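This is what each chain is made of:
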Amino acid sequence: MKKAVSIFSSLALMAGVLAGCGPDKDTTEPKTNEKNTTTTENGMPPKPEKLVVWEDVKRGVALEPAIKAFEQKYGIKVEYKEVEMATKQRDQLRLDGPAGTGPDVITVPHDQIGQLVTEGLIREITVDQSVLDTFTESSLKAETYNGKLYGLPKAVETPVFIYNKKLMDKAPATMDELYQFSKEFTKGDKYGFLALWDNFYFAHGIIAGMGGYVFKDNNGTLDPKDIGLNNDGAVQGTEYIQKWYKELFPKGIIGENGGSTMDGLFNEGKVASVMNGPWAFQGMRDAGIDIGVAPMPTLPNGEHVKTFMGVKGWHVSAFSKNPEWATKLIEFLTNEENAKKRFELTREIPPVKSLINDPLIANDEGAKAVAVQSQYAVPMPNIPEMAEVWGPMATALQLVANQKTEPKKALDEAVKTIKTNIETNHPSK
Amino acid sequence: MNMKRQKMIRLTLSYAVILAMTIIIVYPLLWVVGSSFNPGQSLSGSKMIPDHATVAHYKELFDTSKSDYLIWYANSLKISTLTMIFSVILVSLTAYSFSRYRFVGRQNGLITFLVLQMIPNFAALIAIYVLGLLTKLIDTHLGLILVYVGGAIPMNTWLMKGYLDTIPKELDESARIDGAGHLRIFFQIIMPLAKPIIAVIALFTFIAPFGDFILASVLLRSKEKFTLAVGLYDLVAKQFGNEFTTFAAGSVLIALPIAVLFLSFQKYFVSGLTAGGTKG
Amino acid sequence: METSMYRSSHRKIALCLSIVPGLGQLYNRQYVKGAFFLILAISYYIVFADLLDIGLWGIVTLGEVIGRDHSIFLLVEGILAVIILVFGLGVYAFNLYDAYKNGQQRDLGLNISSLREQYHVLIDSGFPYLMISPGFILLVFVVVFPIIFVVLLAFTNYDLYHSPPAKLVDWVGFQNFIDLVKLDLWRKTFVNVLAWTIVWTFGATTLQIALGIFLAIIVNQKDLKGKAIIRTIFILPWAVPAFVSILIFSGMFNESFGVINKTILASLGIDPIDWMTDPFWTKVALILIQSWLGFPFIFAMTTGVLQAIPDELYEAAIVDGATAWQKFTKITLPLVLYAVAPILITQYTFNFNNFNIIYLFNGGGPAVSGQNAGATDILISWIYRLTMTSAQYSKAAAITLLLSLVVVSVALWQFRKTKSFKEEDMM
């Protein structure tokens, strides 16, 4: 009995000691994060030793000359690492950022901005108006969320019309012409035109061109409560999509692996034309195809195909200890000279006003087509609610493509799901 | 006469089934080999017997200036080998204790081992990441190896314990009477008899890292530290412009050594697994 | 009563002194051991004080200042701190016990054993613990620790709008579980997904087991030639990493361009089948592929069991006039099933959680109208979808927790029925 008592008392004593040490630390703890130590005293804070940049894979070539120039000009070392842009930069920043091993500057597609800001992973930047004036308006809009600027655009992309010059003399002006051509050309494993319209990214062009929209744009603010994906225009667009699948597209390009299948067919010279983004050019040329590029043909209603525009931007990590210098760096990376060099090396099209009419871009068929198509394009919504749109829309489009459901019904259901998802996962702000 | 005819029918049917299965098994495998020699990049253009066979994809993989494949291969071999060695040691120790000693917590331990292998834990990747961070094992092969070894313990301990249970206890008892210590009994009597199951476990733990691309991609950050699975998965996971035929070539080169290993271990395999399986 | 046997109270003094680890041992004149405990305690304190400090505070509060405190990292550190604390307390308890025990020896007037003798006692009684501990410690950190993390996460509000560093995460008790039942969105899909998960688990696993056993029996026939080669071939699917095979199959099943529709079915004069776009056929394809992937394991094991069945059994059966079918159902099958039952159960649980095949084959597709998951999404891949698209981390953890409870309890219940748990000696 006594034994038990003494063991208990000693345990209790220990517990007491521990309890004492817990709250104790509230005051002694602020060693965990030294984010707020850099204070600006008129002008720039002291120069850091180095800045770290994450660049997309295979794009480092374009960064190298720019950072070399930056190092020379400012005497700050810049290191870069290639990290896949679509998901890995975000996912790794989530982990590496708080761990203190993250970069100062990252690059992500602009549609992730809302999410990154909500999670507190990137920070607002302030740059001079003179810098802002160099970029196209739509690209800056894409980098803005809730009225604040979160990055500078480095490249824009939007799907365009790509054709095999051996199989098609020149790009058709209208989708009707393309339809006629395709009717005659498609036979066996030859296809006149292919597009991944079961993927909302590509289908949006048709749907929006016919009058649909994702979120109502009220002077720059997107309203996640007003969804226009089952209005009359959207239904007409989806019916048009269904027609192509019914009459001309093979089933094998539907679904998860459709993209690679389509690329494969095109690269083997079995497809006369496709709708695809500028990222596909190089692979096609590598495969020995002589490609021509043009803006998308106009829709039967006379409207342009309102493709989604994606803006890839440079952003300052919220974990950066030198946000001012990081901002300086991205200003430098996106200035006219470096943007031009980037275009020469990677063929990424910079949304820099002075370059759009530069002979370098104007004489490049692909770049010009993208630049022209961009004028009709709509920036992808960058609010976090957009995450709820892709899945249900893909479902609806797939059902339509497979001829399983009527467009109207599929879209109604998709919009219903999107709305429920938004209500559940994004409590109104 | 009738008996003989019956036998004939039975054997013919059996061979027919075996032939059918062989085709089903070998066809996809041959097809992978075939497409790895196809010129294009895509799946759709691939043929089992290519018109213009090429070793270009293999060349590409082995060209160190263009691809990190060889580095990944070396990484994978290193990680797999070390995982195998550590796992075999730890599993043998644990399984031996569970099989031969009756100690407090034994039964609960065994049940825990059983339960642990059933819980899906990829929601916990972030936890493993932070653990790696605290121990400075992020982006190191050691960290990854430790995770693999830890993960291999429950299932393999069960297998091995089952096998050890079939080795008569009289053996260790007589050795003990002769004055052999714990370690001696373990190393000189039990382990040699457990060769088949050790072979099986070595094989399992060697192969497991080759198939994992989830843990490895969370823990490894630099490209030059990737394993084959991570690197190869990247080749096909790209939604646009994936390189299927190169992937096929890469896969053939992974599957080859593993298959050879498997087949050379086969005789242990049947005896090792069975005893473990039947009792465990 | 027993106290009367003691001649002194060294045991109590030693116990009390050992509140500071090692002092009791020193008092018992076991200097080496005492010093060892003392040093151990001091170094434990030096090494872990910070982690324990921050961790224990962190796991309770999940951070207090936005920006400075990262709730999730604190949660992880907290779990680690608790684990380390438990280890520490274990050693501490042993230290107390040891001091008391040796004090008692002195009280009874017995000689305290020397270090060497102690060492032998330790080795003898502690040998199994000693052998298990390296594996055990690794297991705790690599496997148990992440599981604890998921369990705790299920009781927080970690999602997109409660994400560090912008926000702190808080403990919310059972809120996630309540939401799971209450909200239509979650409940509606759940039933459909669960139904297919069950069909999938039983369909795919049973087929692979049946195929494995069937082939093993065929190959094991005495008068069959070429056993070695046949067995080699039949084990091949196992030798190729599963993710490679699945991706290959996904290519082969492509509706317009895959070999299956284009070459095989075409040459048999069968119309192309909607392998990827029709839910029914996608499910069929998945089950077939899983059988292909999974049967070799069963095949190898069954082959072993068959070789171990004594011939006399069959001879006796023949004498009794048994038919081949009777031999199979009365002797072979029961023996095989009896022998491999525990492994079979793990096969079922494996497929229940078989994320890779679902994800890699068709991403859970094809799409189905009116639900939040694809037609072939099983619970685990659906959880993944939820986490990835909606960033509902804590909800996903809650579902994982519920799932695990179900799987584990069903499996344990099944295990208890198999023989290995019944044999006294086995456990």
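Note that the structure is predicted; figures quoted are calculated from it, not measured. (Residues numbered from 1 in each chain as written. Chains lettered and ligands numbered in written order. Predicted model: local features only at pLDDT ≥ 70, side-chain atom pairs only at ≥ 80, totals over all residues.)

A. Representation of the overall build of chain A. Within chain A one finds 18 helices and 14 strands. In chain A, buried positions account for 51% of the 429 residues. (Helix = DSSP H or I, 4+ residues; strand = E, 2+ residues; numbered from the N terminus. Buried ≥ 20, exposed ≤ 12 C-beta atoms within 10 Å, placed from the backbone.)

B. Just the overall build of chain B, in detail. Scanning chain B for helices and strands turns up 13 helices and zero strands. In sequence order, the secondary structure elements of chain B are arranged as α-α-α-α-α-α-α-α-α-α-α-α-α. Restricting the contact set of chain B to residue pairs at least 6 apart, pairs at least 24 apart contribute 73%. (Contact = placed C-beta atoms within 7 Å.)

C. Layout of helix α9 (residues 232-247) of chain A. Residue and element names in this part refer to chain A. Taking 1.5 Å of rise per residue, 16 residues should cover 22 Å, and α9 covers 23 Å from first to last C-alpha, within 8% of that figure. Within the span of α9, buried status applies to Ala-234, Val-235, Gln-236, Gly-237, Thr-238, Tyr-240, Ile-241, Gln-242 and Tyr-245. Where α9 is buried, its residues meet α8 (200-209), β10 (221-228), α17 (387-401) and α18 (407-425). (Expected span 1.5 Å × (residues − 1).)

D. Region of the structure containing the interface of chain B and chain C. Contact residues are listed per partner, giving 72 residues for chain B and 78 residues for chain C. At 13 residues, helix α1 (residues 2-36) of chain B tops the list of elements feeding residues into the side of chain B that touches chain C. Split by residue class, the side of chain B that touches chain C holds 50 nonpolar, 19 polar and three charged. (Nonpolar A, V, L, I, M, F, W, Y, C, P; charged D, E, K, R; others polar.)

E. Molecular detail of the environment of Thr54(B). All names here are of chain B. Among the secondary structure elements, Thr-54 is positioned in the loop between α1 and α2 (56-62). Residues Thr-54 and Asn-75, spaced 21 residues apart in sequence, show a C-alpha to C-alpha distance of 27 Å. Excluding residues within four positions of it along the chain, Thr-54 makes contact with Phe-37 and Pro-39.

F. Structural context of the environment of Leu194(A). Mapped onto the secondary structure, Leu194(A) falls in strand β8 (residues 191-194). With residues near it in sequence (within four places) discarded, Leu194(A) still touches Phe249(A), Ile253(A), Met262(A), Val271(A) and Val274(A).

G. Quick peek at helix α12 (residues 311-319) of chain C. Sparse coverage of α12(C) is indicated by the burial of zero of its nine residues. Of the residues flanking the end of α12(C), it is Gly321(C), one or two places downstream, whose phi is positive at about 80°.

H. Layout of the packing of α9(A) against α17(A). Residues and elements named next belong to chain A. Relative to each other, α9 and α17 sit at 45°, their axes nearing to 8 Å. Viewed along their axes, α9 and α17 adopt a mutual orientation that is oblique. Touching Thr-238, Ile-241, Gln-242 and Tyr-245 of α9 are Leu-397, Val-400 and Ala-401, all from α17. Per-class residue counts for the contact of α9 with α17 are five nonpolar, two polar and no charged. (Axes fitted to C-alpha atoms, helices over the stretch in contact; angles between N-to-C directions. Parallel < 35°, antiparallel > 145°, perpendicular 65-115°, else oblique.)

I. Spatial organisation of the sheet that holds strand β12 (residues 291-294) of chain A. Residue and element names in this part refer to chain A. Taken in spatial order, the four strands make up an open sheet running β8-β11-β7-β12, and their pairing is mixed. Looking at strand neighbours, the two that pair on one side only are β8 and β12, the edges of this open sheet. Between one strand axis and the next, the sheet turns by 15° as a mean value, whatever way the strands run. When β8 meets strand β11 (residues 271-276), the two strands line up parallel, connected through three bridges. (Pairing = 2+ DSSP bridges.)

J. Fine view of the packing of helix α4 (residues 106-116) of chain B against helix α6 (residues 141-165) of chain B. Residues and elements named next belong to chain B. The interhelical angle for the contact between α4 and α6, taken along N-to-C directions, is 125°, at an axis separation of 8 Å. Between α4 and α6, the crossing angle belongs to the class labelled oblique. Where α4 crosses over α6, the handedness of that crossing is left-handed. Across the interface between the two elements, Phe-113, Leu-114 and Leu-116 from α4 touch Pro-154, Thr-157 and Trp-158 from α6. When grouped by side-chain class, the residues that make up the contact of α4 with α6 number five nonpolar, one polar and no charged. (Left-handed = near helix turned anticlockwise from the far one by under 90°.)

K. Just the confidence of the model for chain A, in detail. All names here are of chain A. With 90% of its residues at a pLDDT of 70 or more, chain A has an overall mean of 85. Mean pLDDT values over the elements of chain A span from 46, in helix α1 (residues 2-28), up to 95, in strand β7 (residues 160-164). Segment residues 12-41: pLDDT under 50, and 23 contacts once partners within four positions in sequence are set aside and those in other chains are kept. (pLDDT = per-residue confidence, 0-100.)

L. Region of interest: unusual backbone geometry. For the bond from Pro164(C) to Pro165(C), the omega torsion is 5°, close enough to zero to count as cis. Relative to the assigned elements, Pro165(C) resides in the loop between α5 (115-153) and α6 (175-182). Although it is not a glycine, Asn146(A) sits at a positive phi angle of roughly 50°. In this structure, Asn146(A) sits in the loop between β4 (144-145) and β5 (148-149).

M. Seen up close, the confidence of the model for chain B. Residues and elements named next belong to chain B. Scored by pLDDT, chain B has a mean of 82; 89% of the residues are at 70 or more. Within chain B, the lowest mean pLDDT, 61, falls on helix α13 (residues 266-279), and the highest, 92, falls on helix α3 (residues 69-100). Here the complex is predicted with pTM 0.81, and the ipTM for its interfaces comes to 0.82.

N. View of the environment of Asp198(A). All names here are of chain A. Looking at the secondary structure, you find Asp-198 in the loop between β8 and α8. Look at Asp-198 and you get buried, because 28 C-beta atoms sit within 10 Å. Expressed as a C-alpha distance, the spacing of Asp-198 and Ile-330, which sit 132 residues apart in the sequence, is 36 Å.

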